[in-house]
Amino acid sequence: NLDGKEETVYLISDANGNVNQTIVSSWLKNGSKNARIDDVSCLSEIQNVKGDESYTRIEEQITWQEDGEDIYYQGTSDKELPVSVKFTYYLDGKETAPENLKGKSGKLRIKIDYMNRAKRSAVIDGKEEEIYTPFVMVTGMILPEENFSNVVIDNGKVISDGQRNMVLGVGMPGLKESLGLDEESASSLIEEIRIPESLEITAEVKDFSMEPTFTVA
């Protein structure tokens, strides 16, 4: 009796990319105007975030009693994620903890590494192979010109409006290995096909201060 379900996972992380909280937002589509919706969820602390419809739960089986409208709810999860991101900061060539960068000036380098944990076995042309579920990772940030100048990114784009540098980078972790492009026999192909799994951003920084970054998988 459910016409569709969409879920979005929000990760609240520290400046290094370590996840502090995982929040999942679910949208139960009820185009058929059912008076009851049966759902399955492994989330904890489930809360209705839009209406006042109530639910009953037996383990992972959830039944929503409602008036024919869509249901929007949120919950938390402690499951391991299929992908992750790590930020490492260097000031004047020396690795520096983000909490020690505030107010500093110099040559800044930010290394962003993407990790893919969604590896599985699959039979391809009669042969069992280990492949990754493909993810495209996109990281964006805004760096004010008063603090950041000469901003350069290796796998992405920097756009400046004279006051802000809008930085957007892209990576596809695991795809190179899945395609066999990390093998020595494919060295000639590696030179022709670029599949980034990390980003590097360099800039001249003055009185370091940085707004939140956003990564979408």
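Here the structure is a predicted model, which means the values were calculated and not measured.

Draft legend 1. Seen up close, the sheet that holds strand β15 (residues 156-160). Sheet architecture is open: four strands sit in the order β15-β16-β13-β18, paired in antiparallel fashion. Either end of the sheet is taken by a strand with one partner, and the two such strands are β15 and β18 (214-216). Between one strand axis and the next, the sheet turns by 15 degrees as a mean value, whatever way the strands run. The sheet contact formed by strand β13 (residues 137-144) and strand β16 (residues 164-171) spans eight bridges and is antiparallel. Looking across to β16, one finds that methionine 141 is bridged to valine 167.

Draft legend 2. Up close: the packing of aromatic side chains. Under the defined criterion, the tally for this structure stands at four aromatic pairs. Taking 4.8 Å as the distance between ring centres and 50 degrees as the angle between the ring planes, the aromatic pair formed by tyrosine 55 and tryptophan 64 counts as tilted. For tyrosine 55, a relative accessible area of 30% corresponds to the partly exposed category. Given the relative accessible area of 0%, tryptophan 64 is considered buried. Seen from their ring centres, phenylalanine 148 and phenylalanine 208 are 5.9 Å apart, and the 75 degrees between their planes marks the pair as edge-to-face. With phenylalanine 148 in strand β14 (residues 148-153) and phenylalanine 208 in the loop between β17 (198-205) and β18, the pair connects residues that are 60 residues apart, well separated along the chain.

Draft legend 3. View of the side chain of threonine 63. Mapping threonine 63 onto the fold places it in strand β6 (residues 61-65). Given the relative accessible area of 18%, threonine 63 is considered buried. Here aspartate 38 takes part through its side chain, which lies 3.1 Å from a polar atom of the side chain of threonine 63. The contact partners of threonine 63, leaving out residues within four places of it in the chain, are Arg36, Ile37, Asp38, Ser54, Tyr55 and Thr56.

Draft legend 4. Up close: the sheet that holds strand β4 (residues 44-48). Read across the open sheet, the four strands follow the order β1-β2-β7-β4; overall the sheet is antiparallel. Only two strands of the sheet have a single partner each, and these edge strands are β1 (4-13) and β4. Pairs of neighbouring strands in the sheet enclose a mean axial angle of 20 degrees, with direction left out of account. Inspection of the sheet shows strand β2 (residues 19-29) paired to strand β7 (residues 71-76) by six bridges, in the antiparallel sense. The residue bridging tryptophan 27 from the neighbouring strand is tyrosine 72, located in β7.

Draft legend 5. Examining the environment of aspartate 52 more closely. Mapped onto the secondary structure, aspartate 52 falls in the loop between β4 and β5 (54-58). Taking the relative accessible area as the measure of exposure, aspartate 52 reaches 74% and is therefore exposed. Taking the C-alpha atoms as reference points, aspartate 52 and isoleucine 71, 19 residues apart in sequence, are found 9.5 Å from one another.

Draft legend 6. Molecular detail of the environment of phenylalanine 148. Given a relative accessible area of 1%, phenylalanine 148 falls into the buried group. Excluding residues within four positions of it along the chain, phenylalanine 148 makes contact with Leu108, Leu143, Asn165, Ala203, Glu204, Val205, Phe208 and Ser209.

Cut-offs used in this document
- Residues numbered from 1 in each chain as written.
- Predicted model: local features only at pLDDT ≥ 70, side-chain atom pairs only at ≥ 80, totals over all residues.
- Heavy atoms only, no water.
- Pairing = 2+ DSSP bridges.
- Helix = DSSP H or I, 4+ residues; strand = E, 2+ residues; numbered from the N terminus.
- Axes fitted to C-alpha atoms, helices over the stretch in contact; angles between N-to-C directions.
- Phe/Tyr/Trp six-rings, centres within 6.5 Å; stacked < 30°, edge-to-face > 60°.
- Buried < 20%, exposed > 50% of the residue type's maximum accessible area, 1.4 Å probe, protein only.
- Polar contact = N/O pair within 3.5 Å; in protein donor to acceptor, adjacent residues only side chain to side chain.
- Contact = heavy atoms within 4.5 Å.

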